[in-house]
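Here is how the chains run, residue by residue.
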Amino acid sequence: MKKSIAFFDFDGTITYKDTLFEIIKYQKGSVALYLGLLKLSPWLIAFKLQIISNDTAKQKLLSHFFKDMQLMDFQNKCDAFIEQKLPGLIRHRALQQIKEHFQNNTLVVIVSASAENWVEGWCRQNNIICIATKLETREGKLTGKIEGKNCHGEEKVRRIKACFHLDEYEMISAYGDTKGDKPMLSLATSAHYKPFRRKL
């Protein structure tokens, strides 16, 4: 039997907003988010100018907002975010594409730079495999750092190949919306860049 698999980026591809900023706003409030972004603006500008990496900028955000937060409290709020906020951030056309893949017996995988804490639960609800960034914890608290590598760029490819033998699949679809997804798109027999942007 011919096998097929589909890899989807999450933020900006399936969702129409960056969920890292949305999870910060949900857990800490809009005022705290904007004040934090103001404080971190030198780092964010350096990232935009490609002076620092995506990984470094991301860890600055995570450390500022979540360092020393109890993992249980953080996860409970992530679970609430999945139930209360995330459904309103999902692109309808992306969800329809996922359903079409299921109808064709295609294995569907989310490959996301966002943390598994607020992606994996949504994937589990929708019978989707989740590959995402892991957050480092110590003694039940977030350290504000990423465990291992940020699931972005070439790391997406490494993580995919660690989980799947791609030569077993005749059809490989991939969906992404940024240059950080292009290495993943290069694996596909059917690649789609910014495919769901025409409408939500």
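Residues numbered from 1 in each chain as written. Predicted model: local features only at pLDDT ≥ 70, side-chain atom pairs only at ≥ 80, totals over all residues. Heavy atoms only, no water.

Trainee: Looking at this model, I keep getting lost on the packing of aromatic side chains. Mind explaining?
Mentor: Two aromatic rings, taken as a pair, are described by how far apart their centres are and by the angle between their planes. One pass over the full model with this rule turns up eight aromatic pairs. Their ring planes at 55° and their centres at 5.5 Å tell us that Phe10 and Trp122 sit as a pair that is tilted. Linking Phe10 in the loop between strand E1 (4-8) and helix H1 (19-28) with Trp122 in helix H7 (residues 116-125), this pair joins segments that are 112 residues apart in sequence. Accessibility expressed as a relative area gives 0% for Phe10, which makes it buried. Trp122 sits in the buried class, given a relative accessible area of 5%. Among the aromatic residues, those joined into a ring-pair cluster are Phe8, Tyr175 and Phe196. Seen from the ring of Tyr169, Lys3 lies directly overhead, with NZ or CZ sitting 4.7 Å from the centre. (Phe/Tyr/Trp six-rings, centres within 6.5 Å; stacked < 30°, edge-to-face > 60°. Helix = DSSP H or I, 4+ residues; strand = E, 2+ residues; numbered from the N terminus. Buried < 20%, exposed > 50% of the residue type's maximum accessible area, 1.4 Å probe, protein only. Lys NZ or Arg CZ within 6 Å of the ring centre and 35° of its normal.)

Trainee: Looking at this structure, how should I read the pairing of strand E5 (residues 171-176)?
Mentor: Two faces, one strand: in a regular strand the side chains alternate between the faces of the sheet. With five of its six residues buried, E5 lies for the most part within the structure. Pairing of E5 with strand E6 (residues 190-193) involves four bridges; the strand directions are parallel. Opposite Ser173, over in E6, you have Ser190 as the bridge partner. (Pairing = 2+ DSSP bridges.)

Trainee: Explain the nonpolar core to me, please; I cannot follow it from the model alone.
Mentor: Soluble, globular proteins show a tendency: their nonpolar side chains are buried together. Grouped together as the largest cluster of nonpolar side chains are 38 residues, with contacts concentrated most on Phe8, Ile14, Phe66, Ile110, Trp118 and Trp122. Excluding residues within four positions of it along the chain, Ile110 makes contact with Phe8, Phe10, Ile14, Val119, Trp122, Cys123, Ile128, Ile129, Cys130 and Ile131. Of all hydrophobic cores here, the second largest spans 17 residues; its members include Val109, Leu166, Tyr169 and Ala174. (Core = buried A, V, L, I, M, F, W, Y, C linked by side-chain atoms within 4.5 Å. Contact = heavy atoms within 4.5 Å.)

Trainee: Explain the pattern of salt bridges to me, please; I cannot follow it from the model alone.
Mentor: Think of it this way: side chains of opposite charge can pair up when their charged atoms draw near. Under the defined criterion, the tally for this structure stands at seven salt bridges. As a salt-bridge pair, Arg138 and Glu136 come within 3.7 Å of each other at their nearest N and O atoms. Overall, Arg138 belongs to the exposed group, its relative accessible area being 54%. Asp181 serves as the salt-bridge partner of Lys156, at 2.7 Å between the closest nitrogen and oxygen. Residue Lys156 is found in helix H8 (residues 154-163), and its partner Asp181 is found in the loop between E5 and helix H9 (182-185); the two are separated by 25 residues along the sequence. (Salt bridge = Lys/Arg side-chain N within 4 Å of Asp/Glu carboxyl O.)

Trainee: It is not clear to me how the pairing of strand E4 (residues 141-147) should be interpreted in this structure. Could you clarify?
Mentor: Where strand E3 (residues 129-138) and E4 come together, four bridges link them in antiparallel fashion. Pairing of Thr137 across the sheet is with Leu142, part of E4. Counting the residues between successive antiparallel strands, the hairpin from E3 to E4 contains two residues, one of them, Glu139, with a positive phi of roughly 55°.

Trainee: Would you mind going over the sheet that holds E1 with me for this structure?
Mentor: Backbone hydrogen bonds are what pair the strands of a sheet, in a parallel or an antiparallel way. Taken together, the six strands give an open sheet; going across it, the order is E4-E3-E2-E1-E5-E6, and neighbouring strands pair in mixed fashion. The sheet is open, and its two edges are formed by E4 and E6, each paired on a single side. Averaged over neighbouring strand pairs, the angle between their axes works out to 25° when direction is ignored. Together, strand E2 (107-115), E3 and E4 form the strand contacts of helix H4 (residues 54-66), whose direction differs from that of E4 by roughly 175°. (Axes fitted to C-alpha atoms, helices over the stretch in contact; angles between N-to-C directions.)

Trainee: What is the right way to read empty space enclosed by the protein from this model?
Mentor: It is a probe the size of a water molecule, rolled over the atoms, that shows where empty space is left. Applying the stated rule across the entire model yields one cavity of 30 Å³ or more. Reported here for the largest cavity is a volume of approximately 40 Å³. Around the largest cavity sit Leu62, Phe66, Leu135, Glu136, Leu142, Thr143, Gly144 and Lys145, which together line it. Among the secondary structure elements, those contributing two or more residues to the lining of the largest cavity are H4, E3 and E4. Of the residues forming the lining of the largest cavity, the biggest block, four residues, is contributed by E4. For the lining of the largest cavity, the per-class residue count stands at four nonpolar, two polar and two charged. (1 Å grid on protein atoms, 1.4 Å probe; cavity = no way out; pocket = protein on both sides within 12 Å on 5 of 7 lines; lining within 4 Å. Points joined across faces, edges and corners; volume = space filled by probe spheres on them. Nonpolar A, V, L, I, M, F, W, Y, C, P; charged D, E, K, R; others polar.)

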